[in-house]
Amino acid sequence: MSQLIPLDPAATPGDLIYRESPSQTAGPYVHIGLALEVAGLPLREVEIGNTMATDQADGTPIELVGTVFDGNGDIVRDVFIEAWQADADGTYQSAWQHDNVFNSFGRAAPDAFGEGQWRFHTIKPGACLDARGQLMAPHVALSVFARGINIALHTRLYFGDETRANESCPVLNAVESPARRRTLIATPEPGDSGRIRYRFDIVLQGEGETVFFDF
Amino acid sequence: MTRPTHPRYLQRDRRWHPPAYAPGYKTSVPRSPRQALVSLQNPTATELTGPSFERMTLGPHDNDLLMNFRQGTEHDGLPVGERIMVFGRVLDQFGKPVPQTLVEMWQANAGGRYRHKKDQYLAPLDPNFGGVGRTITDEQGWYRFRTVRPGPYPWPNDVNSWRPAHIHMSVMGPALSSRLITQLYFEGDPLIPHCPIVHTLNDPDAVRTLTAKLDLARSRPMDALAYRFDIVTRGQFQTYFENQG
């Protein structure tokens, strides 16, 4: 017998029967399950990691890096982040495979005893259309999980060198405050081996608090 | 480029989920946003699509925690603890199975100790237990793991806070919108009503929804008890009226 509680005992499949399972924090040991190397566990044959694109992938290779800060300005070292982005043509590649040259999905977490920085190796995504046919600026969706976060926080990383596209992006413009909109813009800087690195710090609370979305 | 159309999802009920700020769980105090979430009335391909793992190669024991970290031979070296099976279905809010979706889990060993660089609890590691599992749901949304029942453990929150036995459960679902991480608790655990993390849930029904039930009928005689735990992801529906005239 299921532990679920139907909203209406007479409901049958096709009716709205259940509430969504409620979220609980991923906790401090999320790495055991989702980022084994950080926990110090041996890796399985296939792991979902922070390299989303190989050198063979189409598009401009880039790095995404950042640090997550709490409301005291302290680094959230036990954070775990998932990324979801389009390919260089603006298409989401849903079928994840470890030997794809590009996967739209990746996972990253800072080292357990390191500086607290997370990092993705990927390519710059292309622009894609929103549901009403308007062009969205290139972006990477980031989901933030950690001890003390009771339900995942969803944000978007936009690119600081895409000023014109950003200005007309319908999702960025759904953020009413221009000052808050700026919390979604990653800063380009020189990266390793000539790649562009984009820095995107996430502030969970307080001054400069990052915009988080509900959808 | 053609305008993309993707199935949409029922609105997430934020009062049913735990709030970001739940001061009884102290770490949530500095880690909860103070600003309101920005609501996307028109979610896009970014939110309405997500990764699929149908083609991911899983190891033969990825969903069997009795086997996937054992150091010994066939006849020894099993983890210490109460042998259990955790199984159930992933359904959406309309009762529709969620097939071919990635379900991942992690847990402490029978003594309440995690195999993690940062866990310092004095209960010992079990040389034959790692504590991680993953599987893909079948066509009807069923998943199953074999493991040992995790132990409760103390943690720094109040002076004397203990976590009830629990397994962290992660499900991808069909889209970023359905992504969910939660925890499985065990029927009859006396620590459940005392746990500050359980208390981030405001509704007793929410706690019951996360409490796996003993299923004696599906238990294996002389082998392992079975606990049933179904997971519900957001209801998916088609948008029939794209053109509003």
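Counting from 1, residues in each chain are numbered in the order their sequence is written. Note on labels: chains are lettered from A, ligands numbered from 1, in written order. Where local features are concerned, this predicted model is filtered to residues with pLDDT of at least 70; where side-chain atom pairs are given and counted, the filter is 80 or more; whole-chain, interface and lining totals use all residues. Neither water nor hydrogens contribute to the side-chain values; these are computed over all heavy atoms in the structure.

Let's talk about the overall build of chain A
Logical step 1: Only DSSP runs of H or I with at least four residues qualify as helices, and only runs of E with at least two residues qualify as strands; both kinds are numbered from the N terminus onward. Scanning chain A for helices and strands turns up four helices and twelve strands.
Logical step 2: Atoms counted for the radius of gyration: C-alpha only. Globule rule: 2.2 Å times the number of residues to the power 0.38. Its C-alpha atoms give chain A a radius of gyration of 19 Å, within 12% of the compact-globule value 17 Å for 215 residues.
Logical step 3: If one aligns the C-alpha atoms of chain A with their principal axes, the spans along those axes are about 60 × 45 × 40 Å.
Logical step 4: Across the 215 residues that make up chain A, the buried fraction comes to 57%.
Logical step 5: Once local pairs closer than 6 in sequence are excluded, the contacts in chain A between residues at least 24 apart make up 65%.
Logical step 6: Method for areas: the Shrake-Rupley scheme with a 1.4 Å probe, in which residue coverage is limited to the protein chains shown. For chain A, the computed accessible surface area is about 8500 Å², with 47% contributed by carbon and sulfur atoms. Only protein chains enter the accessibility calculation, which uses a 1.4 Å probe; a residue is then buried when its area is under 20% of its type maximum, exposed when over 50%, and partly exposed in between. It only takes one pair of heavy atoms within 4.5 Å for two residues to be counted as in contact.

Looking at the nonpolar core
The nonpolar side chains of a soluble globular protein tend to be buried with one another.
Logical step 1: Ranked by internal contacts, the top residues of the largest apolar core, which has 57 residues, are I32 of chain A together with W106, Y143, M169, L184, F229 and I231 of chain B.
Logical step 2: Looking at this core, the element that brings in the most residues is strand β10 (residues 180-186) of chain B, giving five residues.
Logical step 3: Residues V175 and L184 of chain A together with F53 and I136 of chain B belong to the second largest nonpolar core, which totals 29 residues. Definition of nonpolar core: a set of buried residues of the types Ala, Val, Leu, Ile, Met, Phe, Trp, Tyr and Cys, connected through side-chain atoms within 4.5 Å.

A short note on the interface of chain A and chain B
Logical step 1: Across the boundary between the two partners, chain A contributes 87 residues, which contact 96 residues of chain B.
Logical step 2: Once two parts are put together, the accessible area they lose, assessed with a 1.4 Å probe and summed over both, is termed the buried area. Here chain A packs against chain B, burying approximately 8400 Å² in sum over the two surfaces, 58% of which is carbon and sulfur.
Logical step 3: By the criterion of area lost to chain B, the three top residues of chain A are E20, Q24 and F215 of chain A, representing 11% of everything that side buries.
Logical step 4: Salt bridges, as used here, are contacts in which a Lys or Arg side-chain nitrogen is within 4 Å of a carboxyl oxygen on Asp or Glu. At the junction of chain A with chain B, the criterion picks out seven salt bridges.

Observations regarding the pairing of strand β1 (residues 61-69) of chain A
Consecutive side chains of a regular strand alternate in pointing toward one face of the sheet and then the other.
All names here are of chain A.
Logical step 1: Among the nine residues in β1, seven count as buried, and that is most of the element.
Logical step 2: Paired strands, as defined in this entry, are two strands with at least two bridges between them according to DSSP. As judged from the seven bridges shared by β1 and strand β4 (residues 117-123), these two strands associate in the antiparallel manner. Across the sheet, residue P61 finds its bridge partner in β4, namely I123.
Logical step 3: Here β1 runs beside strand β10 (residues 196-199); their pairing, made up of four bridges, is parallel. For I62, the partnering residue across the bridge sits in β10 and is I196.
Logical step 4: Alignment of β1 against strand β11 (residues 202-203), held across two bridges, turns out to be parallel. Pairing of V68 across the sheet is with I202, part of β11.

Thoughts on unusual backbone geometry
Residue and element names in this part refer to chain A.
Logical step 1: With phi around 40°, S193 is a residue other than glycine that occupies positive phi space.
Logical step 2: Turning to its location among the elements, S193 is positioned in the loop between β9 (185-190) and β10.
Logical step 3: Taking relative accessible area as the criterion, S193 reaches 70% and is therefore assigned exposed.

A few points about empty space enclosed by the protein
Logical step 1: As defined here, a cavity is a set of points on a 1 Å grid over the protein atoms alone where a 1.4 Å probe fits but cannot get out. A pocket is an open set with protein on both sides within 12 Å along at least five of seven lines, and residues line them when an atom is within 4 Å of a point. Grid points are joined across faces, edges and corners, and a volume is the space filled by probe spheres set on the points. For the structure on display, the rule yields three cavities of 30 Å³ or more.
Logical step 2: In terms of lining residues, the largest cavity is bounded by 16 residues, among which S23, F145, I151 and A152 of chain A together with I181 of chain B are the most central.
Logical step 3: Looking at the lining of the largest cavity, the elements that each hand over two or more residues are β7 (139-145) of chain A together with β10 of chain B.
Logical step 4: Polar here means any residue other than Ala, Val, Leu, Ile, Met, Phe, Trp, Tyr, Cys and Pro, which are nonpolar, and Asp, Glu, Lys and Arg, which are charged; Gly is therefore polar. When grouped by side-chain class, the residues that make up the lining of the largest cavity number nine nonpolar, five polar and two charged.
Logical step 5: Every residue lining the second largest cavity is counted, 13 residues in all, and those nearest its centre are E82, W84, F105 and S143 of chain A together with L176 of chain B.
Logical step 6: Elements with a contribution of two residues or more to the lining of the second largest cavity: β2 (80-85) and β7 of chain A.
Logical step 7: In terms of residue class, the lining of the second largest cavity is built from nine nonpolar, two polar and two charged.

Things to note about the packing of aromatic side chains
Residues and elements named next belong to chain A.
Logical step 1: Aromatic rings from Phe, Tyr and Trp, with only the six-membered ring used for Trp, were paired whenever their centres fell within 6.5 Å, and each pair was classed as stacked if the ring planes differed by under 30 degrees, edge-to-face if by over 60, and tilted otherwise. Here the structure, examined in full by the defined rule, presents twelve aromatic pairs over all chains.
Logical step 2: Geometrically, the ring pair formed by F80 and F145 is tilted, given 6.0 Å between the ring centres and 45° between the ring planes. Of this pair, F80 sits in strand β2 while F145 sits in strand β7; the two residues are 65 residues apart in sequence, bridging distant segments of the chain.
Logical step 3: Looking at F80, the relative accessible area reads 0%, which means it is buried.
Logical step 4: Exposure remark for F145: the relative accessible area of 5% places this residue in the buried category.

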